Amino acid sequence: MVASDGVHIYWRAVGRGPAMVCCNGVGVSTFFWRYTVDQFAGTHTVVTWDYRGHGRSDPVPEPDRGDVSVPRHAQDLVSVLDAAGIEEALFLGHSMGCQVILEAYRLVPERVLGMVLVLGTAGRALETFMGNPRSPAYFRLAAKAIGRLGERTHALVRPVLQSPVAWAFTRRAKLVDPLYASRDDMQPYLDHLATIDMRMFIRTVLAMQDHDAWDVLPAIVVPVLVIGAERDAFTPISLSERMARHIPGAELIVLADASHAAIIEQPETINHRVERFLRERQPFSARARPA
């Protein structure tokens, strides 16, 4: 798909039936949704896609100043729907994908039949990062340092991401629970992160902090399932609870002993709960659509 500013956005549709559209977290490509695709492609059209600067989509033409805001990604999402011939769908988002979905709901509520918000927040994502209120300031300092280094950043960061040190750090920092997710599950993420432009990446992370869709939540009139994780250090369970409280009729499930990578740590539990959500809330029925 060619976005309105000429950037080519990669998307893929698997299966046939009602549409389910999956939105990634920052720095992630479509591989985190493989368990979802495997589970639902027999009964649904499952769409996965890459944000600009990620995966198989075009790099951002100007990584140090190009638009990587959440509203820009939401516009790209709507264009993906158009390219795939999808009028309406159930939207699933992981991490930043939750913010992209909520912003898309602001744009085209009539095309959203339901939402599954997984391990995310509605905005200001860095304020609770690792339980440190200074996280936004630290990321802005990092952005300045990366901006000064420019292309040299990659020579410093990529060898580390491609070494055994990256997996060891991931485990020690509790970014993933090694009892539930293997190195094979996380390696595609580390490999992918090593390929993207760090200037674009850090600016996208800051865009998550600048974005705020909390005002959208009370106006949502479609079925919503919120999934939080007990040990999520990025978007703590308090954010999932807050979203569920602010969305009329939202359901909340808390995954025990799960981290921010629960989408690959406990895919069977998540898939089972999404199946139940589809069965009980019927987000694909006409009565679930916004007025």
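Residues numbered from 1 in each chain as written. Predicted model: local features only at pLDDT ≥ 70, side-chain atom pairs only at ≥ 80, totals over all residues. Heavy atoms only, no water.

Asker: Just give me the short version of the overall build of the chain, but keep the residues and values in it.
Answerer: Scanning the chain from terminus to terminus reveals 11 helices and 7 strands. The C-alpha atoms of the chain give 18 Å as radius of gyration, which agrees with the globular expectation for 291 residues (19 Å, within 12%). The principal-axis extents of the C-alpha atoms in the chain amount to approximately 55 × 45 × 35 Å. Counting over 291 residues, the chain shows a buried share of 57%. If you sum the accessible surface of the chain, you get close to 12,500 Å²; carbon and sulfur atoms cover 53% of it. (Helix = DSSP H or I, 4+ residues; strand = E, 2+ residues; numbered from the N terminus. Rg over C-alpha atoms; globule rule 2.2 N^0.38 Å. Buried < 20%, exposed > 50% of the residue type's maximum accessible area, 1.4 Å probe, protein only. Areas by Shrake-Rupley, 256 points an atom, 1.4 Å probe, with all protein chains shown as cover.)

Asker: How would you explain the packing of aromatic side chains if you had to name every residue and give the values?
Answerer: Following the criterion strictly, the structure yields 5 aromatic pairs and no others. Arranged with centres 5.0 Å apart and planes meeting at 85 degrees, the rings of Trp49 and Tyr51 form a pair that is edge-to-face. We note that Trp49, like Tyr51, is buried. Each member of the aromatic cluster is reached from another via a ring pair, and the members are Phe31, Phe32 and Tyr189. The lysine or arginine in question, Arg242, covers the ring of Trp214, its NZ or CZ lying 3.7 Å from the ring centre. (Phe/Tyr/Trp six-rings, centres within 6.5 Å; stacked < 30°, edge-to-face > 60°. Lys NZ or Arg CZ within 6 Å of the ring centre and 35° of its normal.)

Asker: Give me the pattern of salt bridges: which residues, what numbers.
Answerer: If you walk through the whole model with that rule in mind, you get 17 salt bridges. Asp5 serves as the salt-bridge partner of Arg52, at 2.7 Å between the closest nitrogen and oxygen. Placement of Arg52 in the loop between strand S3 (45-49) and helix H2 (70-84) and of Asp5 in the segment before strand S1 (11-14) is noted, with a sequence separation of 47 residues between them. On the basis of relative accessibility, which here comes to 42%, the residue Asp5 falls in the partly exposed class. (Salt bridge = Lys/Arg side-chain N within 4 Å of Asp/Glu carboxyl O.)

Asker: Give a detailed account of unusual backbone geometry, specifying residues and quantitative values.
Answerer: A positive phi angle, close to 55 degrees, is found at Met130, a residue other than glycine. Along the chain, Met130 falls in the loop between strand S5 (112-118) and helix H4 (135-149). You will see that Gln282, though not glycine, has its phi angle at about 50 degrees, which is positive. As for its position among the elements, Gln282 is in the segment after helix H11 (267-281).

Asker: Requested: an account of the state of the cysteines, with residues and values cited.
Answerer: All chains considered together, the criterion is met by 0 disulfides. Not engaged in a disulfide, the cysteine Cys22 finds its nearest cysteine sulfur in Cys23; these two sulfurs lie 7.5 Å apart. (Disulfide = S-S within 2.5 Å.)

Asker: Pulling in residues and values, what's your account of the packing of H4 against helix H8 (residues 198-210)?
Answerer: Direction vectors running N to C along H4 and H8 enclose 155 degrees, while the axes themselves pass 10 Å from each other. Viewed along their axes, H4 and H8 adopt a mutual orientation that is roughly antiparallel. Seen from above, H4 lies across H8 with left-handed handedness. Between H4 and H8, the residues in contact are Pro136, Phe139, Arg140, Ala142, Ala143 and Ile146 and Met198, Arg199, Ile202, Val205, Leu206, Gln209 and Asp210, respectively. Grouping the constituent residues of the contact of H4 with H8 by class yields 9 nonpolar, 1 polar and 3 charged. (Axes fitted to C-alpha atoms, helices over the stretch in contact; angles between N-to-C directions. Parallel < 35°, antiparallel > 145°, perpendicular 65-115°, else oblique. Left-handed = near helix turned anticlockwise from the far one by under 90°. Contact = heavy atoms within 4.5 Å. Nonpolar A, V, L, I, M, F, W, Y, C, P; charged D, E, K, R; others polar.)

Asker: Give me the lowdown on the sheet that holds S5, citing residues and values where you can.
Answerer: Ordered in space as S1-S3-S2-S4-S5-S6-S7, the 7 strands form an open sheet in which the pairing is mixed. The sheet is open, and its two borders are formed by S1 and strand S7 (251-255), each paired with just one other strand. Here the average twist between neighbouring strands, direction ignored, is 20 degrees. With 6 bridges joining them, strand S4 (residues 89-94) and S5 adopt parallel strand pairing. Residue pairing in the sheet places Ala89 in a bridge with Val112 of S5. (Pairing = 2+ DSSP bridges.)

Asker: Quick one: what's the story with the pairing of S7, residue by residue and with numbers?
Answerer: On any regular strand, side chains alternate: one points to one face of the sheet, the next to the other face. Only one face of S7 is covered, namely the one carrying Glu251, Ile253 and Leu255; the face carrying Leu252 and Val254 has none of its residues buried. As for the winding sense of the linkage, the β-α-β connection from strand S6 (residues 224-229) through helix H9 (residues 237-246) to S7 is right-handed. (Right-handed = clockwise from strand over helix to strand, strands pointing away.)

Asker: Hey, could you go over the packing of H2 against helix H3 (residues 96-107) for me, with residue numbers and the actual values?
Answerer: Contact geometry for H2 and H3: axes closest at 8 Å, N-to-C directions at 70 degrees. In terms of orientation, H2 lies roughly perpendicular with respect to H3. Of the two possible hands of crossing, H2 and H3 adopt the one that is right-handed. Residues Val70, Pro71, His73, Ala74, Gln75, Leu77 and Val78 of H2 form the contact with H3, whose participating residues are Met96, Gln99, Val100, Glu103, Ala104 and Leu107.

Asker: I'd like a description of the side chain of Glu251, backed by residues and values.
Answerer: Following the sequence through the fold, Glu251 ends up in strand S7. Residue Glu251 is classed as buried on the basis of its relative accessible area of 16%. At 2.9 Å, the side chain of Glu251 and the side chain of Arg281 are in polar contact. When residues no more than four places from it in sequence are discounted, the contact partners of Glu251 are Val224, Leu225, Val226, Arg273, Phe277 and Arg281. (Polar contact = N/O pair within 3.5 Å; in protein donor to acceptor, adjacent residues only side chain to side chain.)

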